[in-house]
Amino acid sequence: MIPLSRRLNDANGQFAGVALATLHLKYFQQLLAQFHIGQEGAIALVLTDRLMLRIPHVQADIGRQMPASPLMEQAARQASGSLEQLSPFDQTVRMINFDHARNYPVLVAVATGKDEALGEWRRGALILTAVMLSLCAVIAVAGHFLIRSMQLRARAEAGLRQARDALGTANEKLAHMARDDGLTGIPNRRYFDMRLEKVFAQCQRIQRPLAIVMIDVDHFKQFNDLYGHPAGDECLKRIATALRSSIRRPEDLVARYGGEEMVLLLPETGAAGALCVAETARNAVADLRIVHAGSDAGQVTVSLGVAAWTPQPEDLPLEMLNAADAALYQAKAAGRNRIQLHGS
Ligand SMILES: Nc1nc2c(ncn2[C@@H]2O[C@H](COP(=O)(O)OP(=O)(O)OP(=O)(O)O)[C@@H](O)[C@H]2O)c(=O)[nH]1
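Residue positions are counted from 1 within each chain, in the order its sequence is given. With the structure being a predicted model, the display of local features is reserved for residues of pLDDT at least 70 and the display and counting of side-chain atom pairs for 80 or more, all residues being used for whole-chain, interface and lining totals. Think of the side-chain values as coming from all heavy atoms in the structure, minus any hydrogens and water.

The name given to the protein chain in an unreviewed UniProt entry is diguanylate cyclase, with Xylophilus rhododendri as the source organism. UniProt positions are given in the numbering used here, feature names are shortened, and annotations may be inferred rather than shown by experiment. Here is the UniProt Catalytic activity (unreviewed entry) comment for the protein chain, exactly as written: "2 GTP = 3',3'-c-di-GMP + 2 diphosphate".

Structure follows, in structure tokens:
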């Protein structure tokens with residue numbers, strides 16, 4: 001039983017008696033039992049510092065002084081609040097909400113078991129964690145395969161690039177081999193013939209002059225006989241380099257025509273210009289000062305035959321070649337180490 005009393009005043013505020021009532025604990029027990037607080041939940045009514053009622057009900061606890069606890073300490077400071085504590089009654093960890101009844105020294109504390117309250121959340125969190133871990137594993141495996149396939153692709157691409165570069169280099173080499181003379185490194189006769197066809201047609205079309213300078217090393221047979229074939233080869237290489245340095249325009253060409261014979265192809269160049277280039281070439285060879293005991297000059301010299309005119313529609317490249325050759329023959333006949341212009 002819980003006795004309740006209250007002073008009663010009359011209309012003047014004078015003491016008029018005391019109202020006394022008793023509340024049966026059974027009433028509260030039945031009332032509180034209707035609340036769903038779970039298996040580990042608890043409800044306590046504390047009158048001042050004594051336990052008035054508690055669910056779950058333990059008869060021996062009723063009327064007992066409340067043991068010191070975080071709940072009692074906090075309730076002494078605050079009207080209401082919430083906290084988590086280990087129950088001094090049954091050693092269960094609970095999450096508690098408490099409030100003081102207005103006008104009465106009664107503290108009401110409602111608690112749910114922490115494990116019970118968080119159980120559902122924990123289960124959800126566990127499932128979520130498992131799902132996340134599985135997803136991570138799937139992503140990791142997929143990522144591994146993705147990285148692997150990217151690496152394989154990068155390797156394959158690098159291989160392809162290498163093969164392409166090697167092919168490019170091989171093609172370049174082949175093009176050089178097809179175009180250049182193996183001994184001197186300057187373009188060969190096949191390439192010269194090709195260029196002559198093109199340039200001749202072009203000069204014919206635009207009616208611009210074209211010049212061919214045929215160059216032959218003087219007494220080269222004797223040079224070979226005196227100094228040997230390897231020295232002859234070396235001499236030809238040096239002459240080719242000297243001739244290359246004597247042409248200036250990008251469209252000019254120096255080629256090995258065959259044996260010790262070389263040729264200059266000078267597009268858009270008239271007779272005067274061609275004679276000028278021929279003189280530069282002759283001097284470039286003379287400046288090499290390659291000793292030749294069998295030559296009148298005491299060193300290696302060249303003879304040059306020049307053919308230069310504006311090709312007419314009926315003209316053929318071979319005619320210009322033959323003209324340059326004939327001029328060369330004249331230069332040889334006139335004593336070598338000189339330049340002869342065709343038709344002069
Ligand atoms: N070392 C070497 N000799 C070559 C090469 N090609 C041609 N010859 C030689 O060049 C010489 C050319 O001789 P010829 O045609 O009689 O002419 P030449 O002795 O220069 O006499 P002229 O032209 O009349 O001054 C030959 O002995 C060829 O063997 C070559 O690639 N290397």
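**Q** Can you help me understand the packing of aromatic side chains in this one?
**A** Pairs of aromatic rings are described using the distance from one ring centre to the other and the angle between the two planes. For Phe, Tyr and Trp, rings pair up if their centres lie within 6.5 Å, where Trp contributes its six-membered ring, and each pair is then called stacked (planes under 30 degrees apart), edge-to-face (over 60) or tilted (otherwise). For the structure shown, the criterion picks out three aromatic pairs. Between F192 and Y257 the ring centres are 5.8 Å apart and the planes differ by 90°, which places this aromatic pair in the edge-to-face class. Remark: Y257 occurs in strand 9 (residues 253-258) and F192 occurs in helix 4 (residues 189-206); sequence separation between them is 65 residues. Here the aromatic rings of F220 and F223 are separated by 5.8 Å at their centres, their planes lie at 10°, and the arrangement is stacked. In this pair, F220 and F223 both sit in helix 5 (residues 220-227), three residues apart, roughly one turn of the helix. The same class applies to F220 as to F223, namely buried. Taken together through their ring pairs, the aromatic side chains of F220, F223 and Y227 make up a single cluster. A ring is considered to have a charge above it if a Lys NZ or an Arg CZ atom is located within 6 Å of its centre and within 35 degrees of its normal. Above the face of the Y191 ring, R179 is positioned so that its terminal group lies 5.5 Å from the ring centre. Secondary structure elements follow DSSP: runs of H or I no shorter than four residues count as helices, runs of E no shorter than two count as strands, and numbering proceeds from the N terminus. Classification of residues uses two cut-offs on accessible area relative to the type maximum, computed with a 1.4 Å probe and protein chains only: under 20% is buried, over 50% is exposed, and between them is partly exposed.

**Q** Looking at this model, I keep getting lost on the pattern of salt bridges. Mind explaining?
**A** Pairing between side chains of opposite charge can happen when their charged atoms approach one another. A side-chain nitrogen of Lys or Arg and a carboxyl oxygen of Asp or Glu constitute a salt bridge if their distance falls within 4 Å. For the coordinates displayed, the defined rule picks out 17 salt bridges. The closest approach of N and O atoms between R179 and D180, which form a salt bridge, is 2.9 Å. You can call R179 partly exposed: its relative accessible area is 32%. One salt bridge in this structure joins K221 and D225, with 3.3 Å as the shortest N-O distance. Taken together, the positions of K221 and D225, both in helix 5 and four residues apart, correspond to about one turn of that helix. For K221, a relative accessible area of 64% translates into the label exposed. A residue is classified by how much of its surface remains accessible, and D225, at 56% relative accessible area, is exposed.

**Q** Explanation requested: the sheet that holds strand 11 (residues 302-309) in the structure shown.
**A** Each strand in a sheet pairs with another by means of backbone hydrogen bonds, the pair being arranged parallel or else antiparallel. Two strands qualify as a pair provided DSSP detects at least 2 bridges between them. The five strands are arranged 9-10-8-11-12 in an open sheet whose pairing can be described as mixed. Each edge of the open sheet is held by one strand with a lone partner, namely strand 9 and strand 12 (339-341). Strand-to-strand twist of the sheet, defined as the mean angle between neighbouring strand axes without regard to direction, takes the value 20°. Strand direction decides the pairing type here: strand 11 and strand 12, joined by three bridges, are parallel. For G305, the partnering residue across the bridge sits in strand 12 and is Q340. Each of strand 8 (210-217), strand 9 and strand 10 (261-267) is contacted by helix 4, which is oriented at about 130° to strand 9, the strand it contacts most. All axes are obtained by fitting lines to C-alpha atoms, using only the stretch in contact for helices, and the reported angles, taken between N-to-C directions, cover 0 to 180 degrees. Here, residues are in contact when the closest pair of their heavy atoms is within 4.5 Å.

**Q** Quick question: what am I supposed to make of a nonpolar patch on the surface here?
**A** Without a salt bridge and with relative accessible area above 30%, a residue can belong to a patch; like charges are then joined within 9 Å and nonpolar side chains (Val, Leu, Ile, Met, Phe, Trp, Tyr) within 5 Å. For every accessible area listed, the method is Shrake-Rupley and the probe measures 1.4 Å; residues are considered covered only by the protein chains on display. Residues I127, L128, V131, M132, L135 and I139 make up a contiguous nonpolar surface patch of about 600 Å² in total accessible area. For I139, a relative accessible area of 57% puts it in the exposed group.

**Q** Teacher, can you tell me more about the packing of helix 4 against helix 8 (residues 317-333) here?
**A** Two numbers describe a pair of packed helices, the interaxial angle and the distance between the axes. Orientation of helix 4 relative to helix 8, taken along the N-to-C sense of each, is 115°, at an axis distance of 10 Å. Facing F192, L196, E197 and F200 of helix 4, the residues of helix 8 in contact are P317, M320 and L321. Looking at the contact of helix 4 with helix 8, its residues break down into six nonpolar, no polar and one charged. Under the convention adopted here, Pro, Cys and the residues Ala, Val, Leu, Ile, Met, Phe, Trp and Tyr are nonpolar, Asp, Glu, Lys and Arg are charged, and Gly plus all remaining residues are polar.

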